[in-house]
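Here is what each chain is made of, one letter per residue.
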Amino acid sequence: MTEVLKVDPLYPELDKIKKAANVIKAGGTVVFPTETVYGLGANALDPEAVKKIFIAKNRPMDNPLIVHISNIDQLYEVAKDIPKKIINLVNIVWPGPLTFVLKKTEKVPKETTGGLETVAVRMPAHPVALALINESGVPIAAPSANLATKPSPTRVEHVIDDIYGKVDVILDSGETFFGVESTVINVTVDPPVLLRPGPFSVEELERLFGKVVVPEQAKGTAEFDVALAPGMKYKHYAPTKRLLVVENRSVLRGVINELQKRSCRIALLCASEVCKQFRGEKIEIIELGSENNLYEISRNLFDSFRKLDKSNVDIGVIHSISEKGIGLAIMNRTRKASGFSSIYNIEDVWKYVGN
Ligand code: TXA
Ligand code: MG
């Protein structure tokens, strides 16, 4: 049985938080909101509890989890040999959508880190998440609360669609804020390496930490080496429908025409400014939000992928947007979701779509 509790996102009701915290303390699983996406949590220090996360999500056991903390003492409980530069900066960047990969302590079981000697840690900036960790009194391991084959959940309906009945409690606090997962940065090496772009931008990271290595893979144009980012080797969510990313926007109209010639039913996932040009045509429009506000687009992105899968079309088409700030994370998730189906010329369509 799963219990769904509605919790105020800004002023979480203590009785409900206590109820969920008791589940965590007893080794159970709780879905909770963070400022990025919903997480599926269990006591990070209890291997049996952590195993339940992998089972509920159907996640491979060697894909490591993020450990969520609510105070700095917990950082020292789970991580050691923390670089001085990081110690000086955690109070500035946390709570927030930034995850550090650090050396793990003995206390953290291998189940939590997928067998690695490192641990990913973050302090989320969401009142419900912080209250839950506080009341539980333990760090909470939590991946995103989706089934392993689906996009991360940004709304509680997504969580219910994916894992209702497989977890003990779901805390429903409405839509999450950023809508894409946290930035992950490996700080066990110098200079640090960006493993996953997120709401905490590369521009901001470099301002605070100096040089940061941004591998080509961070753009989502290719997969990471297993050695560099163990968890990233897994096939990421790809819609069951084919999704094409039109990188060169001047060919968007041509790509749509070309697909229509072949009688493809199309859903266009587009910025509001672009949608306008296609309204009234025989195309399903899934609006992402204004290009002048990339946070609006990031917030709607995963919901738009789920809408595409549910819609009655043959193919989805999405266009590129700026890679500045949170835009890099948006393009990373988009390219991965498309299975790297990038379109630069009209002819590229036929690489991905049969005649
Ligand atoms: O915003 C977020 O980060 C959300 C919320 C719930 O906090 N969590 C999330 O977790 O997205 P998950 O498990 O879906 O993604 C965590 C990523 C994975 O790609 C994993 O492989 C990587 O972080 N990761 C975790 N521990 C790692 C480690 N020790 N070394 C390298 N990568 C690690
Ligand atoms: Mg995930």
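Let us look at the structure shown here.

1. Things to note about the overall build of the chain
Now for step 1: In terms of helices and strands, the chain carries 12 helices and 16 strands.
Now for step 2: Relative to a compact globule of 355 residues, whose C-alpha radius of gyration would be 20 Å, the chain shows 20 Å and is just as compact.
Now for step 3: In the chain, which comprises 355 residues, the proportion classed as buried is 58%.
Now for step 4: For the chain, restricting intrachain contacts to residue pairs at least 6 apart in sequence, the fraction spanning at least 24 positions comes to 67%.
Now for step 5: Accessible area for the chain stands at about 14,600 Å²; split by element, carbon and sulfur atoms hold 52% of it.
Now for step 6: Positive and negative side-chain charges in the chain, numbering 45 and 43 respectively, have mean positions lying 2 Å apart.

2. Here we look at the site of ligand 1
Now for step 1: Taken together, 25 residues are adjacent to ligand 1, and T36, R59, H68, S182 and R196 come closest.
Now for step 2: At 2.6 Å from an oxygen atom of ligand 1 is found a side-chain nitrogen or oxygen belonging to T36.
Now for step 3: With respect to ligand 1, the side chain of R59 contributes an N or O atom lying 2.9 Å from an oxygen atom.
Now for step 4: Protein chains bury 96% of the 680 Å² of accessible surface belonging to ligand 1 in isolation.
Now for step 5: For the shell around ligand 1, the elements supplying multiple residues, two or more each, are β4 (66-68), β7 (118-122) and β11 (193-196).
Now for step 6: For the shell around ligand 1, the element with the most residues is β7, which contributes four residues.

3. Considerations on the pattern of salt bridges
Now for step 1: Tallied over the entire structure, the rule returns 26 salt bridges.
Now for step 2: Here D162 makes a salt bridge to K150, at a shortest N to O gap of 3.6 Å. One end of the pair, D162, is in helix α6 (residues 156-163); the other, K150, is in the loop between β8 (140-141) and α6, with 12 residues separating them in the sequence.
Now for step 3: Judged by relative accessible area, D162 falls into the buried class, the value being 5%.

4. A closer look at a nonpolar patch on the surface
Now for step 1: On the surface, a cluster of nonpolar side chains totalling about 440 Å² of accessible area is made up of M1, V4, I160 and Y164.
Now for step 2: Following the sequence through the fold, V4 ends up in strand β1 (residues 3-6).
Now for step 3: On the basis of relative accessible area, V4 is assigned to the partly exposed category, the value being 36%.

5. Considering the packing of aromatic side chains
Now for step 1: Throughout the structure, instances matching the rule amount to five aromatic pairs.
Now for step 2: Arranged with centres 6.1 Å apart and planes meeting at 45 degrees, the rings of F302 and F305 form a pair that is tilted. Taken together, the residues span about one helical turn, with F302 and F305 both in helix α10 (residues 294-310) at a distance of three residues. Judged on exposure class, the residue F302 and its partner F305 are both buried.
Now for step 3: The structure contains a cluster of three or more aromatic residues connected by ring pairs, namely W94, F100 and F209.
Now for step 4: Residue placement shows R262 over the ring face of W350; its charged tip is 4.2 Å from the ring centre.

6. Considering helix α7 (residues 202-209)
An α-helix turns once every 3.6 residues. As a result, residues three or four positions apart point the same way.
Now for step 1: Buried within α7 we find V202, L205 and F209. The buried residues of α7 occupy an angular sector of 55 degrees when the element is viewed end-on, so they sit on one face.
Now for step 2: Downstream of α7 by a residue or two, G210 has a phi angle that is positive, lying close to 80 degrees.

7. Details of the nonpolar core
Now for step 1: The biggest cluster of nonpolar side chains holds 47 residues, and the ones touching the most others in it are V31, L75, W94, L98, F100 and F209.
Now for step 2: Of all the secondary structure elements, the ones that give two or more residues to this core are β3 (39-43), α2 (47-57), α3 (72-78), α4 (84-93), β6 (98-104), β7, α6 and α7.
Now for step 3: With five residues, the single largest contributor to this core is α2.
Now for step 4: L75 has contacts with I69, I82, V90, W94, L102 and V121, leaving out every residue within four places of it along the chain.
Now for step 5: If you look at the next biggest cluster of nonpolar residues, it comprises 45 residues, including L243, A267, L308 and I321.

8. Focus: the side chain of T113
Now for step 1: As for its position among the elements, T113 is in the loop between β6 and β7.
Now for step 2: Within the local environment of T113, its side chain forms a polar contact with the backbone oxygen of L116, the two atoms lying 2.8 Å apart.
Now for step 3: T113 has contacts with P64, K104, V108, T118 and V119, leaving out every residue within four places of it along the chain.

9. A closer look at the packing of α10 against helix α11 (residues 327-337)
Now for step 1: The geometry of α10 relative to α11 is characterised by a closest axis approach of 9 Å and an angle of 20 degrees between their N-to-C directions. The orientation of α10 with respect to α11, classified from their angle, is roughly parallel. Considering the relative orientation of α10 and α11, their crossing is left-handed. Touching L294, I297, S298, L301, F302 and F305 of α10 are G327, I330, R333, T334 and A337, all from α11.

Conventions and cut-offs
Residues numbered from 1 in each chain as written. Chains lettered and ligands numbered in written order. Predicted model: local features only at pLDDT ≥ 70, side-chain atom pairs only at ≥ 80, totals over all residues. Heavy atoms only, no water. Helix = DSSP H or I, 4+ residues; strand = E, 2+ residues; numbered from the N terminus. Rg over C-alpha atoms; globule rule 2.2 N^0.38 Å. Buried < 20%, exposed > 50% of the residue type's maximum accessible area, 1.4 Å probe, protein only. Contact = heavy atoms within 4.5 Å. Areas by Shrake-Rupley, 256 points an atom, 1.4 Å probe, with all protein chains shown as cover. Lys, Arg positive; Asp, Glu negative; His and termini not counted. Charge placed at Lys NZ, Arg CZ, Asp CG, Glu CD. Near = heavy atom within 4 Å. Polar contact = N/O pair within 3.5 Å; in protein donor to acceptor, adjacent residues only side chain to side chain. Salt bridge = Lys/Arg side-chain N within 4 Å of Asp/Glu carboxyl O. Patch = residues over 30% accessible without salt bridge, like charges linked within 9 Å, V, L, I, M, F, W, Y side chains within 5 Å. Phe/Tyr/Trp six-rings, centres within 6.5 Å; stacked < 30°, edge-to-face > 60°. Lys NZ or Arg CZ within 6 Å of the ring centre and 35° of its normal. Arc of directions from axis to C-beta. Core = buried A, V, L, I, M, F, W, Y, C linked by side-chain atoms within 4.5 Å. Axes fitted to C-alpha atoms, helices over the stretch in contact; angles between N-to-C directions. Parallel < 35°, antiparallel > 145°, perpendicular 65-115°, else oblique. Left-handed = near helix turned anticlockwise from the far one by under 90°.

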